[in-house]
Amino acid sequence: YGRKKQFDDVGADLLKEMVADVFLFYSQTFSENEVAINSVDQIINQFNEPGGWSQCFANIYAIEANIPQELDLYIPSAQEELYNWVNGPNRQFEAAFRIIQSGEWGQYDGFYLMEGDSIPVKNHWLDVILSQVEDNRPFAILGAKYNGDKWDNFYEQIPLSLLHHINGNAIYNTSHPLMERLVGQLEVEAPCPYNSIPYDYRMSQMCVEGALRIVPELAPKIMLNEEGENITLSNNTDMFAKWWDMHKHETPMKETPAIHNYAATNLIPRHLGPEYVIHGAKLYAPWNPALTKITLVVSEWFYDRSAHLLKKLDEKDHPFSQVVIMLPNFIEAKDDYRNLTVVPTRAQHRTGPDFMDLCEAEVDTEWFMITNSYHQVATHVDLMFTPGTFKPVCPFTPATYPFCFKFPYCKENVNHAQKFNPGHNKVVLDFDMLYNTKLRNKFCKEWKERFGDEGQNLYKGRRKKKFKDGKIAGPSGPTGTSYAAFLFREKKDGMYKFTDRSLYGARDPFIKVFAKEEKEDGMSEEEKHLRELQNRNLTDTDCNCKAHESQELCEGSGMGCIWRPLFESCRPPEMIDGGVPICPSTDAPTMAPTEHDPLDDTEAPTEAPTKAPHTDPWYASLFKTHEHEKDLAKEKEEEELVKAERERKEKEARELEMLAEAEEEAAEAERKAKEAEAEAEAEVTKDTTKTNATSAETSENTAATDGAKEASPAVVEKNLDSETKR
């Protein structure tokens, strides 16, 4: 409630027969935190001013949960290891429930828990919420399930208890017997591993366990005690089932359209529906054609596969003012593009390999995007821009082990990017990036200087290793990730707003419609025959709910797909925990089906967004909303420290190696010097021996002249000894 302007702009005229009070609830103790005291005083002073939002409420109170600072924890990064990583929010919710229930501050039927990132977006929001409370009685919890679409890529893997849980920003009935039991159980579980589940999700787990007898799984490390032994939890299934049977007839958990929970999902105004309050949304501006002209580049390998994309283009809500079709030089350009779309379209014959299309496409507009002919443009290309400054919003995936480094292609992609910007840690999909044409040109110039005009030096020095270890799974040409690294190095990243897709999600601008054909086009004849023998049941369509872009096609797919009216998209159905997905996951092929130099073959995934990698528990990042980005900053700082330590050790190793090489060179020089000295001494000795031999011969002749006919053995031995000494 601190930002008075937001509430005054929206307005809330309270119904005369209803009364609502405001509670400012601090998790710790006010007297121990001067900042908290000053913040609350400022809000209360605003309330006491005439007019403004204060007229919507009867009273305002400041209350506290008195959680010790060392126990007021919220550490998402430790959720797989620390059982009390979310202890602060869990204990604060229990305290809120008990304080309101106690009647100490007045007689209340319940309370609306409204976190700071819950924003009213329509007039009379409070009136509507209060009327919803009256219309939906009786209930235990009234609120919203997750209303966003960032879970759709892995919807079938989500536990039912998470899919159907009412988010914590909800109305709680303090007089309902089921709520009393659920909160009591939370209090009992505070010292045990179940405390590792946020309170709202844990209450849903209890209900699902009671209704379907599905016992939730916890992170393995959390299930170990201090001695490293497994903890045995009590079996509460029968108790939860009894609770559920007592109240299921009245539907105790209810939804209201007045509140939508987006859990840090990126949105534009088009995505807003009937809600009056949105929670956890990142709201951006849509594309403005008056400000931004965008070209679409389409990589093609055949005569008319891209015709499907062009025929459908005019039906789509897209930002493209031009289309460039990149063709092989042996394919004749079509002369009837104007019959396929009203968007000006031209062909360009590539002069190099297809993986260089990103750099070789001739683009006239300031911005462009790229896709290939195995895709079509999505029904809504929801490009997002920051309000006011109008910077493009670009999703990225963190370059960490769970999301990237355990996948060889991604690891190699980041390695290439770090040649431009050491330490680069953002993976940007080629099809997600909105490229600035001038910066693309500078980037490609440097890329070619580094790796060669056709990437021939991309894996320089690793050719022999390829023959030994097999293929290197990595990109053959420039990528969106390397382009992003170039931007950061050149301090041009400020032209964009980069957002973490693992936290805020992202929508595919292009939908793959020819997945089977893409795989087959990249196969040799031998591989095609082998595939036919292995799988004689190939279908003409792909098992992909996302490919159905109308309600009719989605609901008539025969796969149980569910239509989302708000986002006009199709998602897979939910399933019982541990079930088999309707679409089996397969390895993704390379982007290009053409045959390259075998040394440059890759096993890269397609550049279109597919299923995001994840760790167990899969929902690890869902609780990392923007209000807790300091945890992400801490993680980044720790990664940088680790990186700095690694670089320090590598530097020391290099210095030691250089020192060893220097010592070896010095030893070699010394050895050669000694050899030269020994050779010189040997030469001197040889000359001396020759001189001595001549002297001996002269002495012998003289002795003969003197009449000495025979030399004494003793004299000869003495002379030899003298020569040796000399």
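For every chain, the first residue of its written sequence is number 1, and the numbers climb from 1 along that sequence. Predicted model: local features are reported for residues with pLDDT of at least 70 only, side-chain atom pairs are reported and counted for 80 or more only, and whole-chain, interface and lining totals are derived from all residues. Each side-chain value is derived from all of the structure's non-hydrogen atoms; neither hydrogens nor water enter the calculation.

Draft legend 1. Just the pattern of salt bridges, in detail. The term salt bridge refers to a pairing of a side-chain nitrogen on Lys or Arg with a carboxyl oxygen on Asp or Glu at a separation within 4 Å. Taken as a whole and assessed by the stated rule, the structure comprises 25 salt bridges. Residues lysine 145 and glutamate 255 are paired through a salt bridge, measuring 3.7 Å at the closest nitrogen-oxygen approach. Note that lysine 145 is positioned in the loop between strand 5 (141–143) and helix 5 (160–163) and glutamate 255 in strand 7 (residues 253–255), a separation of 110 residues in sequence. Using a relative accessible area of 41% as the deciding quantity, one classes glutamate 255 as partly exposed. Across the pair glutamate 446 and arginine 489 runs a salt bridge whose closest N-O atoms are separated by 2.6 Å. Remark: arginine 489 occurs in helix 15 (residues 480–489) and glutamate 446 occurs in helix 13 (residues 437–451); sequence separation between them is 43 residues. The classification of residues rests on relative accessible area computed with a 1.4 Å probe and restricted to protein chains. Under 20% of the type maximum is buried, over 50% is exposed, and intermediate values are partly exposed. Residue arginine 489 is classed as partly exposed on the basis of its relative accessible area of 27%. It is possible to trace a salt-bridge network through shared partners that takes in Glu446, Arg450, Arg489 and Glu490. Secondary structure elements follow DSSP: runs of H or I of four or more residues count as helices, runs of E of two or more count as strands, with numbering from the N terminus.

Draft legend 2. Representation of the nonpolar core in the model. Here, nonpolar core means buried Ala, Val, Leu, Ile, Met, Phe, Trp, Tyr and Cys residues that are tied together by side-chain atoms lying within 4.5 Å of each other. In terms of nonpolar packing, the biggest core is built from 59 residues, with Met433 and Phe498 touching the most fellow members. Secondary structure elements with two or more residues in this core: strand 11 (294–299), helix 9 (306–313), strand 12 (320–327), helix 10 (357–360), strand 14 (367–372), strand 17 (393–398), helix 13 and helix 15. Element by element, the count of residues in this core is highest for strand 12, at six residues. Only heavy atoms matter for contacts: two residues are in contact if any of them lie within 4.5 Å across the pair. In this structure methionine 433 touches Phe368, Met369, Cys394, Val428, Gly480, Tyr483, Ala484, Tyr496 and Phe498, once residues within four positions along its chain are discounted. Counting 27 residues, the second-largest nonpolar core is a separate cluster that includes Val40, Phe57, Met114 and Ile259.

Draft legend 3. Up close: the pairing of strand 2 (residues 60–64). Where strand 1 (residues 22–26) meets strand 2, five bridges bridge the pair, whose relative direction is parallel. When the sheet's bridge partners are listed, tyrosine 26 is paired in strand 2 with glutamate 64. Throughout, right-handed denotes a crossover for which the path from the first strand over the helix to the second runs clockwise when the strands point away from the viewer. With respect to chirality, the unit in which strand 1 leads through helix 2 (residues 34–48) into the neighbouring parallel strand 2 is right-handed. By definition, two strands form a pair when at least two bridges between them are found by DSSP.

Draft legend 4. Just helix 15, in detail. For helix 15, the tally of buried residues reaches eight of ten residues, placing the bulk of the element in the interior. Those residues of helix 15 that are buried lie in contact with helix 12 (408–417), strand 18 (426–427), strand 19 (435–436), helix 13 and strand 20 (497–500). Looking at the residues trailing helix 15, positive phi occurs at lysine 491, about 60 degrees.

Draft legend 5. How the structure looks around the pairing of strand 8 (residues 259–267). For strand 8, the tally of buried residues reaches nine of nine residues, placing the bulk of the element in the interior. Here strand 8 pairs with strand 9 (residues 277–283) via six bridges, running parallel. Bridge pairing links threonine 265 to alanine 281 in strand 9.

Draft legend 6. How the structure looks around helix 6 (residues 177–188). Each helix should span, by expectation, one fewer than its residue count multiplied by 1.5 Å. Between the first and last C-alpha of helix 6 there are 17 Å, a value that for twelve residues agrees with the 16 Å anticipated at 1.5 Å per step. Buried within helix 6 are the following residues: Leu178, Met179, Leu182, Val183, Gly184, Gln185 and Leu186. Buried positions along helix 6 lie against helix 3 (87–102), strand 5, strand 6 (171–173), helix 7 (199–212), helix 8 (237–247) and strand 7.

Draft legend 7. Just the sheet that holds strand 11, in detail. The strand order across the open sheet formed by five strands is 13-12-11-14-19, and the pairing between neighbours is mixed. Two strands bound the open sheet, and with one partner strand each, they are strand 13 (345–349) and strand 19. As defined by bridge partners, strand 11 adjoins strand 14 across six bridges and the pair is classed as parallel. The partner of valine 298 across the bridge, within strand 14, is threonine 371.

Bear in mind that shape data such as this cannot, by itself, settle questions of function.
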